[in-house]
Each structure stands twice: as structure tokens, then as C-alpha cells.
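The primary structure of each chain is shown beneath.
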Amino acid sequence: MNKIPIIVLIMFCAFRIVDVSAQSHPLPSEVKKAFRNNTRSGDGNPGTAYWQNHATYKIEAELLADESILKCSQRVQYFNNSPDTLKQMLVRIYADFYKKGTARQWPIGDADLTDGMQLENMKVFQSSEDENMIAETHRTPTNLILDLNDGILPGDSIIMEVEWEIIIPEKRWARMGNYGDDKFFIAYWYPQIAVYDDIDGWDRIEYFGMVEFYNDFNDFDVQIKTPPGFIVWATGSLENEGRIFERNILKKLEKARNSDEVVNIIAAEDIQNKRVLKNSTKNTWHYTASGVPDFTFAAAKHSNWDGTSLVVENGSNKRVFTDAVYTNEPRTYANAAEWSRKSVAYLSEELPGYPFPYHHMTSVSNGRKGGGMESPMMANNGDPENEANSHATLFHEISHSYFPFFMGTNERKYAWMDEGWAAFLPIGFMEKYYPEYGYFKRVMHRFEGLSGSEKEATLMTLSYQIGDYNSYRIHAYNRSAMAYYYLQDALGDSLFKQALHTYIDRWNGKHPLPYDFFNTFSNVAEQDLGWFFKPWFFNRSYADLGIKKVTLDNQVVVENYGGLPLPVRLVAEFADGSTETIDESTSIWSAGNQAVILQFDKEKQIKNVVLGDELIPDINDENNVFEIEN
Ligand SMILES: [Zn+2]
């Protein structure tokens, strides 16, 4: 095939002397300030003065299963590594989402309405419990603001102590709840110190339902007391498993942690025959985790537990334990431990192709028919009838281990920085195991459905500012997944992966901004990728390529009417019945051009030319076919 791509200069000749910054993406004042303060740098690296705060949580929790209540006390030490004196402290009270009268983005039935989190004996002090630093407290819809008598000086830490109680929802489960039949998943649960960062200071965004994670990397020491017969799975490591489980369970657990095969660690008959727990009264489960952005746990009485494991790093013999917890009548979950193993293998070896960051990944089925919710090392998933759908969700939630957990992105402002990856990463995996499911087409069609419409928000619109659920979904998952997909197409697999690894190397365990992502990719690609980032992330550009004209010597002018860089596929049919296909990657738009000229075989007579195909989004088909009239 003889194809000669010519980048058209039609619109551009006049602007050829434009400096590169005209192509670069815009920078808000907060980011310019961060560059001046050296907390971040223009090449996409963390700055020399980069800082972040962290905390250690010690929580004692008791699950009162019959009453659907969680009763806790906690002691948090919070370290101020910022250069600022903190006169206030912001604490997130997620459970107030269920409080009567609180504004919400999702409706809650009367049955789950509560009086919010009950807090008692709250103290903030430095060394002595007698010197309570709290001058005043204010409760916003879901945040607790503490005005402190003396601020927390740079380099200092404080201790916050509080006792609290929440009612666990039983009907409308917002990421957590009591799922019936003695099954609980507890997330978004404890009074959590918000993030204080170099961009916004305290994160004051409310939790009205839609926004999710933005957390510091903290250490947890959690004791969970459960009624007799309950088993607890959680973020981190179970420190006292030898005192809790019967010998046969410990043996199977050990086997699963060292085996490529799936081991059924707990089966229904083990529970019936009381061969699981040593203690027939209440148990206290002691979990610890360090450097993780959150802690969640599941508690259940009658669940099966399967596990297997795999090595995720060449030359290492450390294994990641992938396990699944599910009820006795699973729809698709009986294979979940193996799926989880395949998911972790794909993520570690293929894309992002970076060793899985945690030592276990527990996927819990709540028994509902769909949906899933991620947390570090834990996922709270539905169990749909369709196996491909179930597997896609399982993979999606596991891939969140990288984004936002390993990478510490701010989902409350930039949900696409994690949901976009979690929607993009399954593409290769799903095409490998479930090609007939059409995963890519599903994601792409949903994007296409909103592209160019009034309700589509630009990716740089802050997530918490979007009130419409469909706009939020397409913004967080679909447009962003397509942006990553065509960025990969533009750079090629190898350069894309190199840039992605550099981004992960630079920013894991930190809080990257979109600009750190853009700048790292431009830095590694050694080109200003503003030509790609501006239309995909900053502008209202939409998917519409069209054939503008076909010349007598078989040149086809393709115009980018929507302005979104996309690959170009042209198929010409000639008068002699033969055809010729021209495929150009997304990089054909890298000069910021609005049109391209592509050359077909000059010796032949074109009958018609068709642009695009069903795998390239395009909201307007009318300009995609050109018939030559004879
Ligand atoms: Zn997600």
C-alpha cells in the first residue's frame, strides 16, 4: 500500500512561528504558585520542597450485628509536615451522609435516615490530655471543623481522641452497609482527618454521595470485636490469626498463600461443623496496615472463602494473595479468586505492567446483582449473572489499587485520574478473555452518546462541581478512558508505557495533580503534548472527523470538525472493484492541525471513500462517506 500522509498546513501557515507555550495546556494560579514554591515542578516531577501530611490511627471497633450499629473509639496522631501553622483541623464525618436533612446526590429511604454520627469525648491535645486544644467546633453537612486554641506548628503533631457510634444502613448502601444475612462491608466509616495540601490547604469538599477518595497515606492499627461466629477480612494484615482460626483453616490459608491453585479455605460445611473459629464467643480481630490511604473491613458469618496467590515481580518470591469471599449461592463468584489472580497478573505484567502494590487483594461479594466499590486491598462487589460483566467489575475495582490508592490522586476534584484508568485498563484484559463482550465498544459508545452535547463536562471541570449523574459518569469514566486510549495510540505502546511508569515512579505515595501527569508525559515523550491534552482535557472538543473533499488525483482531505485528536481510517473503493485502506494513528494531529491530506493510489479511479469505523468514536456519520459522481 502506498500511502503518503501529508500534514496539511492550510490553517496554519500563518501561525508557524507560534511559540510552544501556545500549544501547552493552561495553568491555574494555584499550580503556578506551587511551581514558585517548589512543591511541584514544570517537568512533572515532585518539587524539591514537596510535602504531605500523615496520620496514625488506632481504632477499637465493636460490631453490634443485630442492632446494625458500629461503636468505636479512636486515637489519631496527626503530623503536620506542611510549612504552615494549622489553626483549624478538618475531620470528615462520612456517616452524616445518612443524617436527616443533609443534602444528598442520591435519595435515601426513610428507613436508613439517622441522626448522623454520634461523637463523644472529643479531645485534641499535644502531650497532656488535660490541655484540650479545641476552641470551637462547627459541623457542616459532612465535615467537622475544629478551631484550635494553639495551631499545630510546622513539624509538630497532635493527638485526637474521640468515641463515636454509627448506624449501619440496611437498605440504601452508599459504598458500605449491612447487606443482610449477617453480611457487612464497612467503609467510609471513621472520623477521618481530611487532606491538607499545597494547592487548597484543607480539603473542604463535602461528601454528598458522588465524590469519593482523597486521602493521605496513613498507618492503621484496628481492633474489631465481632459477635460469635463472624469472620473479618480487612485492609492490611491480621496480626492474631493464629489465635483466631482453627488449625485446619490456618493450614489451608498457608497453602493458598503459596499456591498457584485456588484453595477453598472456608466452605459452608466448615461453618456448619464449627471448624473455623477457635473461640465460640466474641472475637477481636487485630489488623494493621501502614502507608495506606484508607482502611475498610468486611464481616460475615456464612461466607465461603477461596484464595490463591501469584508472584508479581520477576526475581522476587514474594506472593500476592488474591482471595474471594461469597455467599453459598454465588452467581459468578465461585470463580472470583481465580479471576482476581488473572487481574493482578495482567496489571502487574501487561498494563500498567507495574508490580501490584499490595500483599493481598480481597474481593467480597455483597450478594447484590451488580456494582462494585474499591478500597485498599479490599473490594465490595455485586455478583451479577453475566460472567463477563462480573469479571470486568472485579478487574476494575482491583485496578484502583494503582489509581487512586498507590498514586494518591484527588478523586473529589479529578475523578478521571483514577476512574478513567480503571475504565481504560480492562480494555486489553477484557478483549483477551471476553472478546465477545465488546468491552471497548461499550465504554466508547457511552462516551459517543454525550460527546459534543451541552451536558458533557470538560475533563478539567472539577468532579465535585458536576451535579448531573450522567455527566459525572461520562466525565469520570468514559471520556477519560478514551483520552488514555488515544494517548496510547498517539505515543505508541512502548513510549506510552515508559511515560506511565515514569509517572508512577515519580508520584506513587504522593498526591499528583493533572498537571503533574500532563507534564510527566510531555517530559518523557520529549514533545509538548498540549496538542493532545488541550482538546481532550481542557476544551469542549468532540468526536467528529469528516471527509472535506477528494481531489482528482486521489487525495482525500479529512477535516477535524470536532477538534478531538483521533485515529484516521479511510477505505477507498476503486472503479475496478479493488479497495485500499489507510490507517493513521492519533499522532497525525500532533502539529495542532485541523485537517490532513491522505493519498490513495493515483493510478486508480476512486468510486467512493469511507472514513472511520465502529471502533472510532464519531458523532456525525453524514460527512464520513464520499461518493464520486461520474
Ligand atoms: Zn471505579
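Everything discussed here concerns the structure shown above.
As the structure is a computational prediction, the values presented were derived from the model and not from experiment. (Residues numbered from 1 in each chain as written. Predicted model: local features only at pLDDT ≥ 70, side-chain atom pairs only at ≥ 80, totals over all residues. Heavy atoms only, no water.)

**Focus on the side chain of Arg 412**
You can see Arg 412 is positioned in the loop between helix 7 (401-406) and helix 8 (419-424). We classify Arg 412 as buried; its relative accessible area is 0%. Side-chain polar atoms of Arg 412 contact the side chain of Asp 203, separated by 3.0 Å. A polar atom in the side chain of Arg 412 sits 2.8 Å from the backbone oxygen of Ile 205. (Helix = DSSP H or I, 4+ residues; strand = E, 2+ residues; numbered from the N terminus. Buried < 20%, exposed > 50% of the residue type's maximum accessible area, 1.4 Å probe, protein only. Polar contact = N/O pair within 3.5 Å; in protein donor to acceptor, adjacent residues only side chain to side chain.)

**So, the packing of helix 13 (residues 514-525) against helix 14 (residues 530-538)**
Where helix 13 contacts helix 14, the axes come no closer than 11 Å and their chain directions differ by 155 degrees. In this view, helix 13 runs roughly antiparallel relative to helix 14, as classed from their interaxial angle. Like other packed secondary-structure pairs, helix 13 and helix 14 cross with a definite hand, here right-handed. Mapping the contact onto sequence places Tyr 515, Phe 517, Phe 518, Phe 521 and Ser 522 in helix 13 and Phe 533, Phe 537 and Phe 538 in helix 14. Residues that form the contact of helix 13 with helix 14 fall into these classes: seven nonpolar, one polar and no charged. (Axes fitted to C-alpha atoms, helices over the stretch in contact; angles between N-to-C directions. Parallel < 35°, antiparallel > 145°, perpendicular 65-115°, else oblique. Left-handed = near helix turned anticlockwise from the far one by under 90°. Contact = heavy atoms within 4.5 Å. Nonpolar A, V, L, I, M, F, W, Y, C, P; charged D, E, K, R; others polar.)

**Things to note about the coordination of the zinc ion**
Note on the zinc ion: its protein donors are His 396 (NE2), His 400 (NE2), Glu 419 (OE) and Glu 419 (OE). The metal-donor distances range over 1.9 to 2.8 Å. All donors of the zinc ion come from a single chain, and their spacing in sequence reads H-x3-H-x18-E. In terms of burial, His 396 and His 400 fall into one category: buried. (Donors = N, O, S within 2.8 Å, 3.2 Å for Na, K, Ca; no water.)

**Brief notes about unusual backbone geometry**
With an omega of 0 degrees, the peptide bond between Leu 351 and Pro 352 qualifies as cis. Along the chain, Pro 352 falls in the loop between helix 5 (336-349) and strand 22 (360-365). A cis amide bond links Phe 403 with the next residue in sequence, Pro 404, at an omega value of 15 degrees. With respect to the helices, strands and loops of the structure, Pro 404 is situated in helix 7. Phi is positive for Arg 175, close to 70 degrees, though the residue is something other than glycine. Of note, Arg 175 is situated in the loop between strand 8 (157-167) and strand 9 (177-178). The backbone phi angle of Tyr 188 is positive, close to 50 degrees, even though this residue is not glycine. Its place among the elements puts Tyr 188 in the loop between strand 10 (183-186) and strand 11 (192-193). On the basis of relative accessibility, which here comes to 6%, the residue Tyr 188 falls in the buried class.

**Structural notes on the packing of aromatic side chains**
How two aromatic rings sit relative to each other is set out by the distance from centre to centre and by the angle between their planes. Under the counting rule described, the total for this entry stands at 66 aromatic pairs. Taking 5.7 Å as the distance between ring centres and 85 degrees as the angle between the ring planes, the aromatic pair formed by Tyr 50 and Trp 507 counts as edge-to-face. Of the two residues, Tyr 50 sits in the loop between helix 1 (29-36) and strand 2 (54-64) while Trp 507 sits in helix 12 (residues 493-507), which places them 457 residues apart along the sequence. Both residues of the pair, Tyr 50 and Trp 507, belong to the buried class. Geometrically, the ring pair formed by Trp 233 and Trp 305 is edge-to-face, given 5.7 Å between the ring centres and 85 degrees between the ring planes. Of the two residues, Trp 233 sits in strand 15 (residues 231-234) while Trp 305 sits in strand 20 (residues 304-311), which places them 72 residues apart along the sequence. Note on Trp 305: relative accessible area 5%, which makes it buried. Lying over the aromatic face of Phe 321, Arg 257 brings its terminal NZ or CZ to 5.6 Å of the ring centre. Positioned above the aromatic ring of Tyr 437 is the side chain of Arg 442, whose terminal nitrogen or guanidinium carbon lies 3.8 Å from the ring centre. (Phe/Tyr/Trp six-rings, centres within 6.5 Å; stacked < 30°, edge-to-face > 60°. Lys NZ or Arg CZ within 6 Å of the ring centre and 35° of its normal.)

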